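# Breakdown of the fold
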Amino acid sequence: MANLQELVDNLSALTVMEAAELSKMLEDKWGVSAAAPVAVAAAPGAGGAGAAPAEAAEEQTEFTVVLTAGGDKKINVIKEVRSVRPDLGLKEAKDLVESAPQNVKENVSKQEAEEVKKKLEDAGASVQVK
């Protein structure tokens, strides 16, 4: 039992990079998926970069709305981009639409991402939620 506690203590002390290396080693040794060991080993590290992809595959909580094409009605799309992103001026919104694919909103809830997507698609744009 003491050996198990020591193992838990050692795993808890791993950095994200060490946890990623451990994951690769376990995958090579036993042929297991790297997603589960990385998430388990990196969880005590308080949300390190290595844990994000594994957790995102399970349950994504933040989404990015990506404008993939402005469409035929660019003026309508520019107006919607400005309504969604009031921090942008007319020129910045126009540049964003014309340089698609571009992120319109980042790190938003699923509900907000869907609302933004619907508004932009109704205006004639092509949109993806990632």
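Up top is the structure.
Criteria and cut-off values
Residues numbered from 1 in each chain as written. Predicted model: local features only at pLDDT ≥ 70, side-chain atom pairs only at ≥ 80, totals over all residues. Heavy atoms only, no water. Salt bridge = Lys/Arg side-chain N within 4 Å of Asp/Glu carboxyl O. Buried < 20%, exposed > 50% of the residue type's maximum accessible area, 1.4 Å probe, protein only. Helix = DSSP H or I, 4+ residues; strand = E, 2+ residues; numbered from the N terminus. Polar contact = N/O pair within 3.5 Å; in protein donor to acceptor, adjacent residues only side chain to side chain. Contact = heavy atoms within 4.5 Å. Pairing = 2+ DSSP bridges. Axes fitted to C-alpha atoms, helices over the stretch in contact; angles between N-to-C directions. Core = buried A, V, L, I, M, F, W, Y, C linked by side-chain atoms within 4.5 Å.

### Observations concerning the pattern of salt bridges
Under the counting rule described, the total for this entry stands at five salt bridges. The shortest N-O distance in the salt bridge between Glu-112 and Lys-105 comes to 3.0 Å. Given the relative accessible area of 28%, Glu-112 is considered partly exposed.

### A word on unusual backbone geometry
At Asn-107, a position not held by glycine, the phi torsion is positive, near 55°. For Asn-107, the location among the structural elements is in strand 2 (residues 102-108).

### Examining the side chain of Lys-105
Following the sequence through the fold, Lys-105 ends up in strand 2. Within the structure, the side chain of Lys-105 is placed 3.0 Å from the side chain of Glu-112, a separation counted as a polar contact. Excluding its chain neighbours within four sequence positions, the residues that come into contact with Lys-105 are Phe-63, Thr-64, Val-65, Val-84, Arg-85, Glu-112 and Val-116.

### Some thoughts on the sheet that holds strand 1 (residues 63-69)
Ordered in space as 2-1-3, the three strands form an open sheet in which the pairing is antiparallel. Sheet topology places strand 2 and strand 3 (126-129) at the edges, where each strand pairs with a single neighbour. The sheet shows a mean angle of 20° between the axes of neighbouring strands, taken without regard to direction. Of the strand pairs in this sheet, strand 1 and strand 2 are connected by four bridges, and their pairing is antiparallel. Pairing of Phe-63 across the sheet is with Val-108, part of strand 2.

### Section: the nonpolar core
Membership of the largest hydrophobic core comes to 19 residues, with the highest contact counts inside it found for Val-65, Leu-67, Val-77, Val-81 and Leu-120. Elements with a contribution of two residues or more to this core: strand 1, helix 5 (74-84), helix 6 (90-98), strand 2 and helix 7 (110-122). At four residues, helix 5 tops the list of elements feeding residues into this core. When sequence neighbours within four positions are dropped, the list of residues in contact with Leu-120 reads Val-65, Val-77, Glu-80, Val-81, Val-104, Ala-125 and Val-127.

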